[in-house]
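Architecture and fold: a report
These are the residues of each chain, in order.
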Amino acid sequence: MKNKLSYVLSCLILGATLSGCVKDEMPNIEVDITGVSSQADDILNVSININAEIIDIYAAPGTDLADMRLTYTLSEGAKITPDPAEVTDYTAPRQFTVISEDSKWHKTYTVTVRFSNLPTTYGFDNWKQPERARYKIPYETRDGYGTPAELNIWACGNDAYSFLTNKNDDFTAFPTQPTTESYAGAAAAKLVTRLTGQIDRPIAAGNLFIGVFDSSMREPKESTQFGLPFMSRPERFKGKFKYRSGGLTLASRQPDHCKIQAVLYRTDNGVEHLNGFTIKNSPAIVARAELDEAAAVDTPGESFASFDIPFVYTADIDPTLLRAGGYNLAVIFSSSRDGDVYDGAPESTLVVDEVEITLYD
C-alpha cells in the first residue's frame, strides 16, 4: 500500500512538473523584421530580404525622405533599436538592430528608401558580392542622396544553388555570374544551367530577375518574388543575347531553350508579388513580352543577337493606379526555359546585355 501511494504521488508531482514546463514557454529566439508600414500614402512597395538583412522601400515621387515615419513589425517578443519613432530622416540608408526576446540573438538590418520608378535600361556593368556570399549580383545606379545610389533591383537563385550543393567557390562556380564577354560596356550577365547532385532537384538553371529571392521559403518556386513597382506603360522589351543549349533536358528529353520575358501585373492586398507558381497565368497580369520558343535557341556564331518584343496587353491599365505604384514590372531571364521545375540541360548558357524597356508616350 505504501509503495502504491508513493507511485501515485510521484505521478502527480511529475504531471505538475510537465504542466509547468508546457506553461512556461521558452522565449522566442527569432530576430526578423516581417513588415514595414506607414500611416501616410508614401510607401509603394517593400522588399524584405531576411537572410541578407536588407530592406528596400520604394516611395512615391514627391515623398519627403527627410520626414518619414515608418512602423516595423517584428518577430514575437523581439525589440528594435534605435526606436523607429525617433528616426524620421531616410535621405540615406539607416540601420536597425533587432534583438530576440531572450536577448541572446540579434540582426542588423539596412533600410534604404528610394523613389520609384524603376530604371528602364540595364547594362549589367556593375556587380557586387553580397555579405557572407561568394557569388556576385548586378545592381543599377541612379542619382540619389547627393551621390549615385545603388539600386538593388536584381535577384537570382544562387543562394538556393549554394544550399543544394554546399558550394563555396569563387563566383564563376555559380549559375548566375558576370562576364566580360559583353556586347557593350564592362560586363554582361551570364546564366549557366548547373548540375546539383540532388535526385529531386537535379539542375539549377541560371536565372536573373527584377524582384527578390527569399531563401527562407521552403518551396523554391515561392522564393522567386518577381517584380517591383513600375509607374509607366511599357511598349517594347529589347536587348542583346547569345545562347548555347546544353542539348536535351534531363527530364523531358527535349532540346533546351532559354527564357527571356517581361511581365506587367497589378498589385493589391491579395497580390504583392507573383512567384514561380503564379507568373505564368495569374489573373493579375495585364501585359507580357516574351521571346517565343522558336527564337530562344542557339544564336549564330559567337556574336550577339537582338530581341525586340512588343508587350501584349490582355487588360486595360488604370492610369490613376499606375501613377500610384499599383503595378509591378518583372524582367526575367533563365538559361533553361523549364528550370523552375528543375528540367534543363547542363551547361546551357545564356548571356544578356544592353536590355531596355521602351515606353508609350
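Note that the coordinates shown come from a computational prediction; the quantities given were computed from them, not determined experimentally.

Along the chain, the position of Asp343 falls in the loop between strand E26 (327-334) and strand E27 (349-359). Although buried, Asp343 forms no salt bridge, and the nearest oppositely charged side chain, Arg253, lies 7.4 Å from it. Looking at Asp343, its side chain comes within polar contact range of the side chain of Thr249, at 3.5 Å.

With that out of the way, let us pick up the sheet that holds strand E3 (residues 54-59). Spatially, five strands are ordered E2-E3-E7-E6-E5 in an open sheet, and the strand pairing comes out mixed. Unpaired on one side and paired on the other, strand E2 (43-49) and strand E5 (79-81) mark the two borders of the sheet. Going from strand to strand, the sheet's axes swing by 25 degrees on average, the running direction of each strand aside. Sheet topology places E5 next to strand E6 (residues 94-99); three bridges connect them, and they run antiparallel. Bridging from a neighbouring strand, Lys79 pairs with Ile99 of E6.

With that settled, consider the nonpolar core. Counting 43 residues, the largest nonpolar core has Phe124, Phe237, Phe241 and Phe333 as the members making the most contacts within it. Those elements that place two or more of their residues in this core are strand E15 (188-192), strand E18 (207-213), strand E21 (234-244), strand E22 (259-266), strand E23 (285-290), strand E24 (305-310), E26 and E27. Within the second largest apolar cluster, 21 residues are counted, among which are Ile50, Ala59, Phe96 and Tyr109.

Confidence in the prediction of the protein, expressed as mean pLDDT, is 86, and 89% of residues score 70 or more. Contacts for the low-pLDDT stretch residues 1-23, under 50 throughout, to residues beyond four places or in other chains number zero contacts.

The next thing to look at is the pattern of salt bridges. Enumeration according to the criterion identifies nine salt bridges in this entry. Ionic pairing is found between Asp67 and Arg69, a salt bridge with its closest N-O pair at 2.3 Å. Of the residues examined, Asp67 reaches a relative accessible area of 40% and is grouped as partly exposed. Residue class for Arg69 comes out exposed when judged on its relative accessible area of 53%. Of the charged contacts, one joins Asp340 and Lys280 as a salt bridge, the two residues approaching to 3.5 Å between their closest N and O atoms. Of this pair, Asp340 sits in the loop between E26 and E27 while Lys280 sits in the loop between E22 and E23, and the two are 60 residues apart along the sequence. Taking the relative accessible area as the measure of exposure, Asp340 reaches 21% and is therefore partly exposed. According to the relative accessible area criterion, Lys280 is partly exposed, its value standing at 48%. Taken together, the shared-partner salt bridges connect Glu290, Glu293 and Arg337 into one network.

Let us now look at the layout of surface pockets. Remark: the empty space left among the atoms is shown by a probe the size of a water molecule rolled over them. Considering only enclosed or pocket space, the second largest pocket measures out at about 840 Å³ in volume. If you trace the second largest pocket, you find 32 residues lining it, with Leu44, Asn45, Val46, Glu272 and His273 closest to the centre. Mapped by element, the contributors of at least two residues to the lining of the second largest pocket are strand E1 (33-38) and E2. Of the residues belonging to the lining of the second largest pocket, the class tally is eleven nonpolar, 15 polar and six charged.

Let's shift gears to the pairing of E21. Note: E21 against E27, nine bridges, orientation antiparallel. In the strand pairing of E27, Arg236 is matched with Thr358. Taken together, the six bridges between E21 and E24 define a ladder with antiparallel strand orientation. Bridging across to E24, Gly239 finds its partner in Phe307.

As a further point, take the packing of aromatic side chains. Under the counting rule described, the total for this entry stands at twelve aromatic pairs. Ring geometry for Tyr72 versus Phe96: centroids 5.0 Å apart, planes at 45 degrees, classification tilted. Taken together, the residues span a long stretch of sequence, with Tyr72 in strand E4 (residues 70-74) and Phe96 in strand E6 at a distance of 24 residues. Residue class for Phe96 comes out buried when judged on its relative accessible area of 0%. Here the aromatic rings of Phe124 and Phe333 are separated by 6.4 Å at their centres, their planes lie at 80 degrees, and the arrangement is edge-to-face. A residue pair is termed long-range when its members are at least 10 positions apart, and Phe124 in the loop between strand E8 (121-122) and strand E9 (127-128) and Phe333 in strand E26 qualify at 209 residues.

Cut-offs used in this document
Residues numbered from 1 in each chain as written. Predicted model: local features only at pLDDT ≥ 70, side-chain atom pairs only at ≥ 80, totals over all residues. Heavy atoms only, no water. Helix = DSSP H or I, 4+ residues; strand = E, 2+ residues; numbered from the N terminus. Buried < 20%, exposed > 50% of the residue type's maximum accessible area, 1.4 Å probe, protein only. Lys, Arg positive; Asp, Glu negative; His and termini not counted. Salt bridge = Lys/Arg side-chain N within 4 Å of Asp/Glu carboxyl O. Polar contact = N/O pair within 3.5 Å; in protein donor to acceptor, adjacent residues only side chain to side chain. Pairing = 2+ DSSP bridges. Axes fitted to C-alpha atoms, helices over the stretch in contact; angles between N-to-C directions. Core = buried A, V, L, I, M, F, W, Y, C linked by side-chain atoms within 4.5 Å. pLDDT = per-residue confidence, 0-100. Contact = heavy atoms within 4.5 Å. 1 Å grid on protein atoms, 1.4 Å probe; cavity = no way out; pocket = protein on both sides within 12 Å on 5 of 7 lines; lining within 4 Å. Points joined across faces, edges and corners; volume = space filled by probe spheres on them. Nonpolar A, V, L, I, M, F, W, Y, C, P; charged D, E, K, R; others polar. Phe/Tyr/Trp six-rings, centres within 6.5 Å; stacked < 30°, edge-to-face > 60°.

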